[in-house]
Amino acid sequence: MFVLHHVSKVQQPPTFAVMSGASLSSTPVWVICAMLILSGCGVGEVDQRAVENRRYTSYAQGFQWLSSMHGEPVLAIRQPRTGIPLATVAKSEVRWQRLPDPWNRVPHVHIRSGRGYVTTSTTHVHLMDAGGALAGWRGCTSIPFLRDSTVLAWADSSGVRDVRGDGGLNVEVMAMMNVGCILTGPDQDLTERGWPWVPVTEYLEPHPLGRAEWMIPLGWLAGDSATASVAFEGIEQAYFREMSLTKPSSKRVFTGSVADGIWHAPGHDSFVAQWIRDAGGIYALSQSDQRTNVELGLESMLELVNQTDAWVLVTYDPDTLTMRDIEAMDPRHVEVMQAVDEVWVCNTAKVDYFGTVVAHPEWVLADLAALLRGQPKGPYGLFSRMNFQSPSP
């Protein structure tokens, strides 16, 4: 495979260092105009004001906005659950050492304006779409998993490339594309190949709105945080409209499933747990994990289940899901179904839970609230209550 040895955008000297001391009076007008256009990533003062208006995040714990010495926005990214700083990102040259501690001691990423971006998750794509920022989308590792017809049509008409390779990205294709930034996860080595990696930590956010709020920095990376900011405000308002309709419930709810003999479930500080609390329910699991789902031994899980009213199962089944299908996933699921009063299912074969739904937490909230009130399914059809019959003969 061909490896492009381009200049690193992490911890690199200023790109325009040669021009920094040049006199504008000796610079052709067309060059000055081009510099102004590129430095604003095509959005100019509108984008700057949008970032200023969202300087302090409302719900997200994984990012914040800083300012350079010249007042330009700098995106600071952290691990939401631990608070560990991961990176700073800027569109122009920044004196990184002048940033406040600890942000002056993390990897610094200078994204290249006007070259578009690559996504490595369906979540990235749909947050970009909801924020009106698909125009810069150039490549994707998850095209086979995208379901939304509008997004797929955009990818087809815009020539979005499938950049999957052995164990990661296709190095040869990425070298030819030479994009402005690559959206990745929090465990990525930001110095790998000198590529402009931007860690995205939305799935670790403790609040559903915090996860959705990531559409603003992603929109900024793509060049239009103003549109993304307006879109998020609409989602925020819709979420609180749904919350105003909820009623407190005494139902204890948990989620997760068995894999390799271990129960895996979102922790107490996850956005899934917050959804259930915001819908009026009680999230039964008290444990948390800083990096992933909580893992429980089966004995601990069954003890928890016996104190729980409803089990929420997110699974994939191309046909109509039955109790026997759930038993076939793992025989120990039978004990769970015998212990709880209700089983609520989201069948991702029918619902784009990891796609379109990502940018609409209010839909999940409304459906969970409906089930907590005893309705058989939610208004958006994301979750429904199974007709409960023991799968055992």
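Keep in mind the model is a prediction, meaning the values are calculated, not measured.

A. Here's a closer look at the overall build of the chain. The secondary structure content of the chain amounts to 13 helices and 19 strands. Looking at the 393 residues of the chain, the share that counts as buried comes to 52%. Contacts in the chain between residues far apart in sequence, at least 24 positions, make up 60% of those at least 6 positions apart. About 18,100 Å² of surface is accessible on the chain, with carbon and sulfur atoms providing 52% of the total.

B. Spatial organisation of the packing of aromatic side chains. The final tally for this structure, using the stated rule, is 14 aromatic pairs. With 5.0 Å between their ring centres and 70° between their planes, F63 and W214 make a pair best called edge-to-face. Here F63 is found in strand 1 (residues 63-67), whereas its partner W214 is found in the loop between helix 6 (208-212) and helix 7 (215-222), with 151 residues between them in sequence. The same class applies to F63 as to W214, namely buried. Both rings, one in Y353 and one in F354, keep their centres 5.0 Å apart while their planes meet at 90°; by these two values the pair is edge-to-face. Since its relative accessible area comes to 12%, Y353 is described here as buried.

C. Representation of the confidence of the model for the chain in the model. Model confidence for the chain is summarised by a mean pLDDT of 85, while 84% of its residues fall at 70 or above. Contacts for the low-pLDDT stretch residues 1-55, under 50 throughout, to residues beyond four places or in other chains number 82 contacts.

D. Representation of the pattern of salt bridges in the model. Within the structure shown, the criterion is met by 5 salt bridges. Notably, a salt bridge pairs E342 with K251, separated by 2.9 Å at the nearest N-O pair. One end of the pair, E342, is in strand 18 (residues 342-347); the other, K251, is in the loop between helix 8 (225-244) and strand 12 (252-255), with 91 residues separating them in the sequence. One exposure class covers both E342 and K251, and it is buried. The closest approach of N and O atoms between D330 and R332, which form a salt bridge, is 2.8 Å.

E. Fine view of helix 7. Burial analysis of helix 7 places 7 of its 8 residues in the buried class, the great majority of the element. Looking at helix 7, one finds that the buried residues are M215, I216, P217, L218, G219, W220 and L221.

Reading guide: rules and limits
Each chain has its residues counted from 1, following the order in which its sequence is written. With pLDDT at 70 or above as the cut-off, local features in this predicted model cover only qualifying residues; side-chain atom pairs require 80 or more to be listed or tallied, and sums for whole chains, interfaces and linings still use all residues. Side-chain calculation: all heavy atoms of the structure are included, whereas hydrogens and water are not. Every helix listed is a DSSP run of H or I at least four residues long, and every strand listed is a run of E at least two residues long, numbered separately from the N terminus. A simple rule labels every residue: compare its accessible area, found with a 1.4 Å probe on the protein chains alone, to the largest value its type can have, and call it buried under 20%, exposed over 50%, or partly exposed in between. We call two residues contacting when some pair of their heavy atoms lies within 4.5 Å. With residues, only the protein chains shown are counted as cover, and all accessible areas are computed by Shrake-Rupley using a 1.4 Å probe. Each Phe, Tyr or Trp ring, with Trp reduced to its six-membered ring, pairs with another whose centre is within 6.5 Å; inter-plane angles below 30 degrees give stacked pairs, above 60 give edge-to-face pairs, and intermediate values give tilted ones. The predictor attaches a confidence to each residue, and that confidence, scored 0 to 100, is pLDDT. When a carboxyl oxygen of Asp or Glu lies within 4 Å of a side-chain nitrogen of Lys or Arg, that pair is called a salt bridge.

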